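# Residue-level structure breakdown
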Amino acid sequence: AVARSAPARPTLGSPMGAATWYAIGNVLSSVAIVLVNKRVFAAGFHFPFTLSFFHFCFTVVFYRLLLACNLFELPSSPMPEADKFKVAFAGVASIGFMNVSLSLNSVGFYQVTKLTIVPVTLLINFYMYTVSTTHKVKLSLLILLAGVGIATVSDVDLRPLGLAFGVLAVLSTAMFQIWQGTKQKEYGMSGTQLQYSVSFYQALSSCGLSLAVESFCLAPQQLDGRGECSDSTMAFLSQWRAGRVPDGIVGTILATCFLALLVNWCSFGLIGKTSPITFQVVGHAKTCLVLIGGDVFFPLAGDA
């Protein structure tokens, strides 16, 4: 009889080992940034585009410093500026449309939109990139999505405008995640190099959205009793200068910048080593952990 050797275990340097560590890092950092972002919003700084702008600016500066210290190498095949902007804008659009969808629809419908990203990604991969998936994988994904849906989806309140933004959120998110994988392979770059390549345009796009949507009061409900703007980044800056915001808010925002850098690094790396579908499966594990973390760190008043 011929002795069969045991299958080799994935090591840290192997693609499977690297993907495993990227997945673990992505789950932990994503859960952490959601919980820390919630503290930032609870302190009165509820401006997601401005916060994203800070995150992307921090990423740009961080990689410029690494490059100056010879700790980071530029990709050998430069990515065209048009592709950089396309990937960056899809990423910022994903964040923006998801936030608008959440504000216009119920939390239940927001969870439904997140669940539909997987089948939409499969369809785009099949029709645009001729990438197919086995029936076993499709069945496994169906069981996973059904379980997550039962656990997280409760009320589903739908409005026509909310549906439109939900569709845009799903499409932009699916394309952003697909491009994270295809552009790395197309230009022979790592996830870190792709993150560096698109971070400037992400900062530029989020800055434009921040100035247009969050920097000034555009609705009557944003004014206080004296008719002055009280719900904008400019108003928050004035309150911070006057010492009327919670202590430590700047440090907490800086902490989210570090976490956002780690989230993006793990996300780009995981998609580059595996696929957008694997990233979505890992994302649903994050959803469960975020729900648990929310109950532990932010219990409802009735649960105390």
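What comes next concerns the included structure.

Analysis parameters
- Residues numbered from 1 in each chain as written.
- Predicted model: local features only at pLDDT ≥ 70, side-chain atom pairs only at ≥ 80, totals over all residues.
- Heavy atoms only, no water.
- Helix = DSSP H or I, 4+ residues; strand = E, 2+ residues; numbered from the N terminus.
- Buried < 20%, exposed > 50% of the residue type's maximum accessible area, 1.4 Å probe, protein only.
- Contact = heavy atoms within 4.5 Å.
- Expected span 1.5 Å × (residues − 1).
- Patch = residues over 30% accessible without salt bridge, like charges linked within 9 Å, V, L, I, M, F, W, Y side chains within 5 Å.
- Areas by Shrake-Rupley, 256 points an atom, 1.4 Å probe, with all protein chains shown as cover.
- Salt bridge = Lys/Arg side-chain N within 4 Å of Asp/Glu carboxyl O.

## A closer look at the overall build of the protein chain
Helix and strand content of the protein chain: 10 helices and zero strands. Tracing the protein chain from N to C terminus, the helices and strands come up as α-α-α-α-α-α-α-α-α-α. The burial tally for the protein chain puts 43% of its 304 residues in the buried class. When contacts within the protein chain are restricted to residue pairs at least 6 apart in sequence, those whose partners lie at least 24 apart make up 79%.

## Some details on helix α3 (residues 81–104)
Its 24 residues place the ends of α3 34 Å apart at the C-alpha level, agreeing with the 34 Å of an ideal helix rising 1.5 Å per residue. For α3, the complete set of buried residues consists of Asp-83, Lys-84, Val-87, Ala-88, Ala-90, Gly-91, Val-92, Ala-93, Ser-94, Gly-96, Met-98 and Ser-101.

## Side note on the environment of Phe-165
Within the secondary structure layout, Phe-165 lies in helix α6 (residues 160–187). With 63 residues separating them along the chain, Phe-165 and Leu-102 place their C-alpha atoms 9.2 Å apart. The contact partners of Phe-165, leaving out residues within four places of it in the chain, are Phe-97, Val-100, Ser-101 and Leu-104.

## Topic: a nonpolar patch on the surface
A cluster of nonpolar side chains, contributed by Phe-216, Met-234, Leu-237, Trp-240 and Val-250, occupies part of the molecular surface with about 480 Å² of accessible area. Considering every element that reaches the nonpolar patch, the biggest residue donor is helix α8 (residues 233–241), with three residues. Locating Met-234 in the fold gives a position in helix α8. Residue Met-234 is classed as partly exposed on the basis of its relative accessible area, which comes to 40%.

## A word on the side chain of Asn-125
Note that Asn-125 resides in helix α4 (residues 107–129). Classification of Asn-125 as buried rests on a relative accessible area of 11%. Once residues lying within four places of it in the same chain are set aside, the contact partners of Asn-125 are Thr-130, Val-131 and Ile-178.

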